[in-house]
Amino acid sequence: MELGLLLTIGKYLFVALLYVFIAVVFRLLIVHIATAQRPVAQHGDQPAQRSVLKRDSGQPPQEPSRAELETKEVGAEPPHLPHLLVVETSATNLSAGTSFPLGKSISIGRKPHNDLSLQDHYVSATHALIVQQDDSFVLRDYHSTNGTVHNGHRIQDDVALSDGDEITIGTTTFRYQH
């Protein structure tokens, strides 16, 4: 009798876990669809100047090679190439003055799978993304716990970057230079 009871409980637990799995997949799908439809806030954050991010044919943005993402000292990049300059940080793996060139996109977060991994407990696993949109770059927060700050304001929507903009992720402040 006990074996039959254990098997019945096991079946119900399996079904419950299956429902939880389906609910998580459905939620991630909804978040992905909502993220794909976010408007881009133009510099100055004026609602009348908003446009929708263009998406390629469902393909994720092309990631830069690891060689492109190796840190370089200030002045190592030609001035016309867009890059992020570390202004200040308390992340253990960065120092002020380090420059990161931008490819088609760059993911920023605490986990090593990101293109730019910040060893900072205030940074989410996958925190933010900077993606090229035509001739400019767009900053997107990935529902991070502590948020992404653009020029002193926590962002809710995608924001088009302009030369000199400051981006704060965790305890690290970057300056976007184009």
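This is a predicted model, so every value here is computed, not measured.

## Focus on the pattern of salt bridges
Think of it this way: side chains of opposite charge can pair up when their charged atoms draw near. Summed over all chains, the structure comprises two salt bridges. Here Asp 158 and Arg 140 are joined by a salt bridge, their closest N and O atoms 3.2 Å apart. Linking Asp 158 in strand β12 (residues 158–160) with Arg 140 in strand β9 (residues 136–141), this pair joins segments that are 18 residues apart in sequence. With relative accessibility at 0%, the residue Asp 158 sits in the buried group. Taking the shortest distance from any N to any O, the salt bridge between Arg 175 and Glu 166 comes out at 3.0 Å.

## Some words on unusual backbone geometry
Look at Asp 134: it is not a glycine, yet its phi comes out positive at around 55 degrees. Along the chain, Asp 134 turns up in the loop between β8 (128–133) and β9.

## Here's the deal with the nonpolar core
Formed by 21 residues in total, the largest nonpolar core has its most connected members in Leu 84, Leu 118, Ile 130, Ile 167 and Phe 174. Within the residue set of this core, elements represented by two or more residues are β4 (83–88), β6 (105–109), β8, β9, β13 (166–169) and β14 (172–177). Contacts of Phe 174, omitting those with residues within four sequence positions, involve Leu 84, Leu 85, Val 86, Val 87, Leu 94, Phe 100, Leu 116, Leu 118, Asp 165, Glu 166 and Ile 167.

## Describing the pairing of β6
The buried count for β6 comes to five of five residues, which makes it a mostly enclosed element. Taking every second residue as pointing to the same face, both faces of β6 are buried, with Ser 105, Ser 107 and Gly 109 on one and Ile 106 and Ile 108 on the other. When β6 meets β8, the two strands line up antiparallel, connected through four bridges. Its bridge partner being in β8, Ser 107 is matched across the sheet by Leu 129. In the sheet, β6 pairs with strand β7 (residues 116–117) via two bridges, with the strands oriented parallel. In the sheet register, Gly 109 faces β7, and the bridge partner there is Ser 117.

Reading the values: rules and limits
- Residues numbered from 1 in each chain as written.
- Predicted model: local features only at pLDDT ≥ 70, side-chain atom pairs only at ≥ 80, totals over all residues.
- Heavy atoms only, no water.
- Salt bridge = Lys/Arg side-chain N within 4 Å of Asp/Glu carboxyl O.
- Helix = DSSP H or I, 4+ residues; strand = E, 2+ residues; numbered from the N terminus.
- Buried < 20%, exposed > 50% of the residue type's maximum accessible area, 1.4 Å probe, protein only.
- Core = buried A, V, L, I, M, F, W, Y, C linked by side-chain atoms within 4.5 Å.
- Contact = heavy atoms within 4.5 Å.
- Pairing = 2+ DSSP bridges.

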